[in-house]
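Observations on the model geometry
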Amino acid sequence: VFVDDPAGEEERLLQLEVMPAGQLDGEFAEHDAGLDVAEQRAFTITFELDRDVDQAANDVRDRVASVRGLLPRRRIARRELIPFCYHLEQLLAAGVPPFESLALLRDAGAEPRLQQVIDALIADVERGLPLSGAAARQPEAFSAVAVSLLRAGEQAGRLPEAIRDIGAALAQEEELASH
């Protein structure tokens, strides 16, 4: 839009965006008479472009939000996983089934993020996945090596020992990292 006073017109356009649609015609009726067809069309195009830019920005925000769900989450700290492995190994060695062992650990008051992981493990085990399969779906907590050890322990019938070994490896890694 070509105007004599760009600052004043820009202020007017900003007000236009927050006005209800019914007020639009009345507010600018006095100015319409002085605008030729080309200027009216330019004004309409500017208004439509502003609306399209707003819509595009909203679309980008929605896409970013949906992609964030696909990005890897921050890893669970080893210092949280070590006691989890220790207690899970103790429960399994005592003959408590994996589902019940996980439920007990969740209810014992784990850290919130670890509690979410345990909830996901419980849901997957409840659906019939083996513990190794459920752990594979939680990469922020269980490495590929840990999942492989769990799978080998399940197949050999030595799941408590496999979990003990995972916990020991995590404890060793934590000790090395602290020095």
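In this text the structure is predicted, and so the values were computed from the model without any measurement. (Residues numbered from 1 in each chain as written. Predicted model: local features only at pLDDT ≥ 70, side-chain atom pairs only at ≥ 80, totals over all residues. Heavy atoms only, no water.)

As a further point, take a negative patch on the surface. Together, Glu 48, Asp 50, Asp 52 and Asp 54 line one region of the surface with negative charge. Here Asp 54 is to be found in helix 3 (residues 37-68). (Patch = residues over 30% accessible without salt bridge, like charges linked within 9 Å, V, L, I, M, F, W, Y side chains within 5 Å. Areas by Shrake-Rupley, 256 points an atom, 1.4 Å probe, with all protein chains shown as cover. Salt bridge = Lys/Arg side-chain N within 4 Å of Asp/Glu carboxyl O. Lys, Arg positive; Asp, Glu negative; His and termini not counted. Charge placed at Lys NZ, Arg CZ, Asp CG, Glu CD. Helix = DSSP H or I, 4+ residues; strand = E, 2+ residues; numbered from the N terminus.)

This part takes up the environment of Val 117. If you trace the backbone, Val 117 turns up in helix 6 (residues 112-126). The class of Val 117 is buried, set by a relative accessible area of 2%. Sequence-wise, Val 117 and Pro 139 are 22 residues apart; in three dimensions their C-alpha atoms are separated by 9.7 Å. Setting aside chain neighbours within four positions, we find Val 117 in contact with Ile 76, Gln 138, Glu 140, Ala 141 and Phe 142. (Buried < 20%, exposed > 50% of the residue type's maximum accessible area, 1.4 Å probe, protein only. Contact = heavy atoms within 4.5 Å.)

Looking at where Ala 135 falls in the secondary structure, it is placed in helix 7 (residues 131-136). The exposure class assigned to Ala 135 is buried, which follows from its relative accessible area of 1%. Dropping the residues within four chain positions of it, Ala 135 is found in contact with Leu 121, Phe 142, Val 147 and Leu 150.

Within the secondary structure layout, Gln 138 lies in the loop between helix 7 and helix 8 (144-156). The spacing of Gln 138 and Ile 118 is 20 residues in sequence and 9.4 Å in space, taken between C-alpha atoms.

Evaluation of the coordinates by the stated rule reveals one cavity of 30 Å³ or more. Each pocket or cavity is described by its volume, and for the largest cavity that value is around 60 Å³. The set of elements that each furnish at least two residues to the lining of the largest cavity consists of helix 4 (78-93), helix 7 and helix 9 (159-177). Looking at the lining of the largest cavity, its residues break down into ten nonpolar, no polar and no charged. (1 Å grid on protein atoms, 1.4 Å probe; cavity = no way out; pocket = protein on both sides within 12 Å on 5 of 7 lines; lining within 4 Å. Points joined across faces, edges and corners; volume = space filled by probe spheres on them. Nonpolar A, V, L, I, M, F, W, Y, C, P; charged D, E, K, R; others polar.)

Moving on to the confidence of the model for the chain. Detailed conclusions should not be drawn from predicted coordinates in areas where pLDDT is low. With 69% of its residues at a pLDDT of at least 70, the chain reaches an overall mean of 77. Below pLDDT 50 for its whole length, residues 10-24 participates in ten contacts with residues either more than four positions away or in separate chains. (pLDDT = per-residue confidence, 0-100.)

Here we come to the packing of aromatic side chains. Tallied over the full model, the rule gives one aromatic pair. With centroids separated by 6.4 Å and ring planes inclined at 55°, the aromatic side chains of Phe 84 and Phe 142 adopt a geometry described as tilted. Pair noted here: Phe 84 is in helix 4 and Phe 142 is in the loop between helix 7 and helix 8, with a separation of 58 residues, a long-range link. Each member of the pair, Phe 84 as well as Phe 142, is classed as buried. (Phe/Tyr/Trp six-rings, centres within 6.5 Å; stacked < 30°, edge-to-face > 60°.)

In terms of nonpolar packing, the biggest core is built from 27 residues, with Phe 84, Leu 88, Leu 102, Leu 121, Leu 131, Phe 142 and Ile 163 touching the most fellow members. Those elements giving two or more residues to this core turn out to be helix 4, helix 5 (98-107), helix 6, helix 7, helix 8 and helix 9. Considering each element in turn, this core owes the most residues, six residues, to helix 6. Those residues in contact with Phe 84 that lie beyond four places of it in its chain are Leu 102, Leu 105, Leu 114, Ile 118, Leu 121 and Phe 142. (Core = buried A, V, L, I, M, F, W, Y, C linked by side-chain atoms within 4.5 Å.)

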